[in-house]
Amino acid sequence: MALDFIATFAFALVGAHTAVNRGMDVGGILFVAGVSALSGGTFRNMALQIHPAWIDRPYLLFAVIAAFLATLISKRSGRVGKYALALDSLGLGFAVVAAAQIAVAHHLMIGATLVLAVLSGVLGGLIRDVLCQVPPVLLHRETNGSAALIGAITFIALCHTPLTYLENGAISGLLVVLIRLLSIKFRWNLPRISRRQA
Amino acid sequence: MALDFIATFAFALVGAHTAVNRGMDVGGILFVAGVSALSGGTFRNMALQIHPAWIDRPYLLFAVIAAFLATLISKRSGRVGKYALALDSLGLGFAVVAAAQIAVAHHLMIGATLVLAVLSGVLGGLIRDVLCQVPPVLLHRETNGSAALIGAITFIALCHTPLTYLENGAISGLLVVLIRLLSIKFRWNLPRISRRQA
Amino acid sequence: MALDFIATFAFALVGAHTAVNRGMDVGGILFVAGVSALSGGTFRNMALQIHPAWIDRPYLLFAVIAAFLATLISKRSGRVGKYALALDSLGLGFAVVAAAQIAVAHHLMIGATLVLAVLSGVLGGLIRDVLCQVPPVLLHRETNGSAALIGAITFIALCHTPLTYLENGAISGLLVVLIRLLSIKFRWNLPRISRRQA
């Protein structure tokens, strides 16, 4: 499916970009791109005892290679560009909805569906940051997790309406994209807990 | 089971505490709490081709949320408190015994049972430290691993006695708690290898 | 199988060495040795819904313990010795070929076979570096990944010849060893992308 390819491409692009900024060699860049793009879905499937997606859908690997080549060719550096971030938000929306759909199809309970949907969306970026030895943005100043959680809750809620899976997925996925883009534009952040060290 | 809930709560509490001390936002705190509490059992089940525990027992997720809320409300900071450490030791004892029981029920050999029991007990804390970018205490100055190993060996040995699983588990689990508490009180440490750099 | 044992021993030896250099206690050294040696095969099997190798072949655990004891006894420190690196290359060759064989036996497509073979070969070293909090050599200046990839491609290509699995595996595996040793001797590196920060 085209969306599948675009989501993988987007995650791989941001991963490759982060690896370039950390001064990795081309092997490291390709590796981080692949891990960023495929970890979430791999964990999702392994938790449900299904083959990782890249085993049955090899075109996902082409999405990673395409993002890798685009990074090598690109002249731009520094911060990830606006277009890449928009694409990344689209990837998050897709990953969350795809995981929620699979979880519902496997008759998972609500809590487990939420966990699986959020993890599928954010795991790639988390492992990316661990491999690049930077503080995980997910845990410090990102709204990926919140957007994913709200999207997954919306998907579950809309399962009890007459909407088709496709309509439900489109609404929930676009909501994730919307929250993510608004949070970037207006620099929304989750609160921290400020405490004096006792 | 109540013990299950308490063990998850304890691991999540220490995880949330570590995340607070690293200045994470509330999303990061909840995430680290969940990963600290659930990674060990998730790996254990996935290695045995069983669903992760949080899929079938959603009340484990409530244990994580309870620990998260307790952390938000709490005024204390700095070092993890004595009660949390005692609770964490109880969690370790439970996790090790639960994994050893499942491994024995799956007819795993002794070596594999030991590996699975120790990993189930320590994996959550290890991933917690990796995500928080602190040197993993497990690998540098902790006795969690040794306590878990001794507990697992005890459990396997007692399987050849007329003790029931429950009695065996209680003895092995309390032994883990005892070793852990004594090691904290008397600052027991495993030796390092000191060498001149050649 | 003897090769299996040697490969695990080699990976564990390098892992234990890295842990010693990071000043870990003996528990940490044993743990890192085990994770370095067994992660690749564990992931490979879990992705294919097979038990991790250490569950069914407990002698692999003895290979880890042997490497751990050899490290404790050894007087040498500093850089990993030449013999250990040669052994490590042999381990890589074996791990890649073993994974490629299993992937082909499971009728995986070419792309998935390559991913699985490379990951099986390099995952242990990657997790080792994450746990030791050093920049992953795989991603910065190592040719493990390239050697593994070329070996896996060779194995797949030779599957279409009248060579037996054993002959094919020997050729592909020795090619991995050769590339790895030559790259160490002549300090081959993959290029980086040098860019001005935009």
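Structural notes, computed from the coordinates. Because the structure is a prediction, the values reported are computed rather than measured.

A closer look at the overall build of chain A
(1) Moving on: If you tally the helices and strands in chain A, you get nine helices and zero strands.
(2) Moving on: If you list the helices and strands of chain A from N to C, you get α-α-α-α-α-α-α-α-α.
(3) Moving on: For chain A, whose C-alpha radius of gyration is 17 Å, the value lies close to the compact-globule estimate of 16 Å for 198 residues.
(4) Moving on: Judged by the C-alpha coordinates and their principal axes, chain A covers about 50 × 50 × 30 Å.
(5) Moving on: Taking all 198 residues of chain A together, the buried fraction comes to 57%.
(6) Moving on: In chain A, 72% of the contacts between residues at least 6 apart in sequence involve partners at least 24 apart.
(7) Moving on: Of the roughly 8,700 Å² of accessible surface on chain A, 69% is carried by carbon and sulfur atoms.
(8) Moving on: Treating the 15 positive side-chain charges of chain A as one cloud and the 7 negative ones as another, the clouds have centres 14 Å apart.

What about empty space enclosed by the protein?
(1) Moving on: On inspection of all chains with the given rule, the structure shows one cavity of 30 Å³ or more.
(2) Moving on: Within this model, the largest cavity holds a volume of roughly 60 Å³.
(3) Moving on: If you trace the largest cavity, you find it lined by Met46(A), Gln49(A), Met46(B), Gln49(B), Met46(C) and Gln49(C).
(4) Moving on: The residue makeup of the lining of the largest cavity, split by class, is three nonpolar, three polar and no charged.

Quick word on the environment of Val118(B)
Residue and element names in this part refer to chain B.
(1) Moving on: With respect to the secondary-structure elements, Val118 resides in helix H6 (residues 110-131).
(2) Moving on: The exposure class assigned to Val118 is buried, which follows from its relative accessible area of 14%.
(3) Moving on: For the pair Val118 and Ser146, spaced 28 residues apart in sequence, the C-alpha separation works out to 8.5 Å.
(4) Moving on: Residues in contact with Val118, not counting those within four places in the same chain, are Gly145, Ala148 and Leu149.

A word on helix H2 (residues 26-47) of chain C
Residue and element names in this part refer to chain C.
(1) Moving on: With 22 residues, H2 extends 31 Å from end C-alpha to end C-alpha; this agrees with the ideal 32 Å at 1.5 Å per step.
(2) Moving on: The sharpest bend along H2 comes to roughly 45 degrees, located at Leu38.
(3) Moving on: With 20 of 22 residues buried, H2 is to be regarded as a mostly interior element.
(4) Moving on: Note on H2: the residue one or two positions beyond its end, Gln49, has a positive phi of about 55 degrees.

As for the relation of the copies chain C and chain B
(1) Moving on: If you rotate chain C by 120 degrees and push it 0.0 Å along the axis, it lands on chain B with an RMSD of 0.0 Å. Within this description, the copies of the chain are treated as partners about a three-fold rotation axis. Every residue of chain C has its C-alpha some distance from the rotation axis, and the shortest such distance is that of Gln49(C), at 4.0 Å.
(2) Moving on: The share of interface residues of chain C whose copies in chain B are also at the interface is only 12%, consistent with the copies meeting through different surfaces.

Thoughts on the interface of chain A and chain C
(1) Moving on: On the side of chain C, 32 residues touch chain A, which itself brings 33 residues to the contact.
(2) Moving on: When chain A packs against chain C, the two sides together hide about 2,600 Å² of surface, and 68% of this comes from carbon and sulfur.
(3) Moving on: Seen at the junction of chain A and chain C, the total is zero salt bridges.
(4) Moving on: Inspection of the region where chain A meets chain C yields four residue pairs in polar contact (both at pLDDT 80 or more).
(5) Moving on: Listing elements by their share of the side of chain A that touches chain C, those giving two or more residues are helix H1 (2-21), helix H2 (26-47), helix H3 (53-56), helix H4 (59-73) and helix H6 (110-131) of chain A.
(6) Moving on: The greatest single-element share of the side of chain A that touches chain C, amounting to eight residues, is contributed by H2(A).
(7) Moving on: Across the side of chain A that touches chain C, the residue classes break down as 16 nonpolar, 12 polar and five charged.

Regarding the side chain of Arg44(C)
(1) Moving on: Structurally, Arg44(C) can be placed in helix H2.
(2) Moving on: This buried residue, Arg44(C), is left without a salt bridge; Asp4(C) holds the nearest opposite charge, at 6.9 Å.

Things to note about the relation of the copies chain A and chain C
(1) Moving on: When chain A is brought onto chain C, the operation consists of a screw motion whose angular component is 120 degrees and whose axial shift is 0.0 Å, with 0.0 Å RMSD remaining.
(2) Moving on: A different interface surface on each copy is seen, since only 12% of the contact residues of chain A are contact residues in chain C too.

Looking at the pattern of salt bridges
When the charged atoms of two side chains lie near each other, side chains of opposite charge can form a pair.
Residues and elements named next belong to chain B.
(1) Moving on: Within the structure shown, the criterion is met by six salt bridges over all chains.
(2) Moving on: Salt-bridge contacts for Asp4 lead to Arg57; the nearest nitrogen and oxygen are separated by 2.6 Å. Of this pair, Asp4 sits in helix H1 (residues 2-21) while Arg57 sits in the loop between helix H3 (53-56) and helix H4 (59-73), and the two are 53 residues apart along the sequence.

Some details on H6(B)
Residues and elements named next belong to chain B.
(1) Moving on: For H6, which comprises 22 residues, the first-to-last C-alpha distance of 31 Å matches the rise-based estimate of 32 Å (1.5 Å per residue) to within 8%.
(2) Moving on: Val122 marks where H6 bends most, by close to 45 degrees.
(3) Moving on: The element H6 is extensively covered by neighbouring structure, given that 17 of its 22 residues are classed as buried.
(4) Moving on: Once H6 ends, the next one or two residues include Gln133, with phi positive near 55 degrees.

A few points about the interface of chain C and chain B
(1) Moving on: With 33 residues of chain C in contact, the opposing surface of chain B contributes 32 residues.
(2) Moving on: Roughly 2,600 Å² is buried in total at the junction of chain C and chain B, and carbon and sulfur atoms are behind 68% of that figure.
(3) Moving on: When the area that chain C buries against chain B is broken down by residue, the three leading residues are Asp25(C), Phe31(C) and Trp54(C), summing to 23%.
(4) Moving on: Linking chain C to chain B there are zero salt bridges.
(5) Moving on: Inspection of the region where chain C meets chain B yields four residue pairs in polar contact (both at pLDDT 80 or more).
(6) Moving on: Counting only elements with at least two residues in the side of chain C that touches chain B, the list comes to helix H1 (2-21), H2, helix H3 (53-56), helix H4 (59-73) and helix H6 (110-131) of chain C.
(7) Moving on: Its residues placed into classes, the side of chain C that touches chain B shows 16 nonpolar, 12 polar and five charged.

What counts and what doesn't
- Residues numbered from 1 in each chain as written.
- Chains lettered and ligands numbered in written order.
- Predicted model: local features only at pLDDT ≥ 70, side-chain atom pairs only at ≥ 80, totals over all residues.
- Heavy atoms only, no water.
- Helix = DSSP H or I, 4+ residues; strand = E, 2+ residues; numbered from the N terminus.
- Rg over C-alpha atoms; globule rule 2.2 N^0.38 Å.
- Buried < 20%, exposed > 50% of the residue type's maximum accessible area, 1.4 Å probe, protein only.
- Contact = heavy atoms within 4.5 Å.
- Areas by Shrake-Rupley, 256 points an atom, 1.4 Å probe, with all protein chains shown as cover.
- Lys, Arg positive; Asp, Glu negative; His and termini not counted.
- Charge placed at Lys NZ, Arg CZ, Asp CG, Glu CD.
- 1 Å grid on protein atoms, 1.4 Å probe; cavity = no way out; pocket = protein on both sides within 12 Å on 5 of 7 lines; lining within 4 Å.
- Points joined across faces, edges and corners; volume = space filled by probe spheres on them.
- Nonpolar A, V, L, I, M, F, W, Y, C, P; charged D, E, K, R; others polar.
- Expected span 1.5 Å × (residues − 1).
- Bend = angle between axes of the 7 residues up to and from the residue.
- Least-squares fit on C-alpha atoms with pLDDT ≥ 70 in both.
- Buried area = accessible area lost by both parts, 1.4 Å probe.
- Salt bridge = Lys/Arg side-chain N within 4 Å of Asp/Glu carboxyl O.
- Polar contact = N/O pair within 3.5 Å; in protein donor to acceptor, adjacent residues only side chain to side chain.

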